[in-house]
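Observations on the model geometry
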Amino acid sequence: MALQGLPLSTAVKRSLADILTAASNPNAERVDVVIGGLPPARKALVESGAEQVKRLSGGVAARGKAALLAMSDEEWDRLANL
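Residues numbered from 1 in each chain as written. Predicted model: local features only at pLDDT ≥ 70, side-chain atom pairs only at ≥ 80, totals over all residues. Heavy atoms only, no water.

Focus: the layout of surface pockets
The condition is simple: Two kinds of site are reported from a 1 Å grid over the protein atoms alone, namely cavities, where a 1.4 Å probe fits but cannot get out, and pockets, open sets with protein on both sides within 12 Å along at least five of seven lines, and residues are called lining when an atom falls within 4 Å of a point. Grid points are joined across faces, edges and corners, and a volume is the space filled by probe spheres set on the points. A helix here means a DSSP run of H or I that spans at least four residues, while a strand means a run of E at least two residues long, and both kinds are numbered starting from the N terminus. Under the scheme applied here, ten amino acids are nonpolar (Ala, Val, Leu, Ile, Met, Phe, Trp, Tyr, Cys and Pro), four are charged (Asp, Glu, Lys and Arg), and all others, including Gly, are polar.
Its volume calculated, the largest pocket comes out at about 180 Å³. Along the walls of the largest pocket sit Asp 18, Thr 21, Ala 22, Asn 25, Ala 28, Val 33 and Val 34, which together make up its complete lining. In terms of residues, the lining of the largest pocket owes the most to one element, helix H1 (residues 10-23), which gives three residues. Taken together, the residues of the lining of the largest pocket sort by class into four nonpolar, two polar and one charged.

Observations concerning a nonpolar patch on the surface
Our working definition: In this scheme, patches are assembled from residues that exceed 30% relative accessible area and form no salt bridge. Like charges are connected within 9 Å, while nonpolar side chains (Val, Leu, Ile, Met, Phe, Trp, Tyr) are connected within 5 Å. The Shrake-Rupley method, run with a 1.4 Å probe sphere, supplies the accessible areas, and residue values consider only the shown protein chains as cover. A pair is scored as a salt bridge if a Lys or Arg side-chain nitrogen falls within 4 Å of a carboxyl oxygen belonging to Asp or Glu. For each residue, the accessible area found with a 1.4 Å probe, counting protein chains only, is set against the maximum for its type, and the residue is called buried under 20%, exposed over 50%, and partly exposed in between.
A contiguous nonpolar patch, built from Leu 6, Leu 8, Val 12, Leu 16 and Ile 19 and spanning about 380 Å² of accessible area, is present on the exposed surface. Looking at where Leu 8 falls in the secondary structure, it is placed in the segment before H1. Assessed through its relative accessible area of 35%, Leu 8 is described here as partly exposed.

In structure tokens:
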């Protein structure tokens, strides 16, 4: 690889190689690809956060659904025709 001949530290060469490899991948910006490439500890944090957001939004949606189902037709008409 051409990077090996450059007067750069091994760490910089490794970082550049990683950047170039990612840039050459058309799927590099897909969320699942990004998460899949994370170190295990970081990946676990992201997955935990995503699960918490999923639970929270599911609870909000369930409460909204229950409130809408409990709403009378008159109340719905009034709100829908503001």
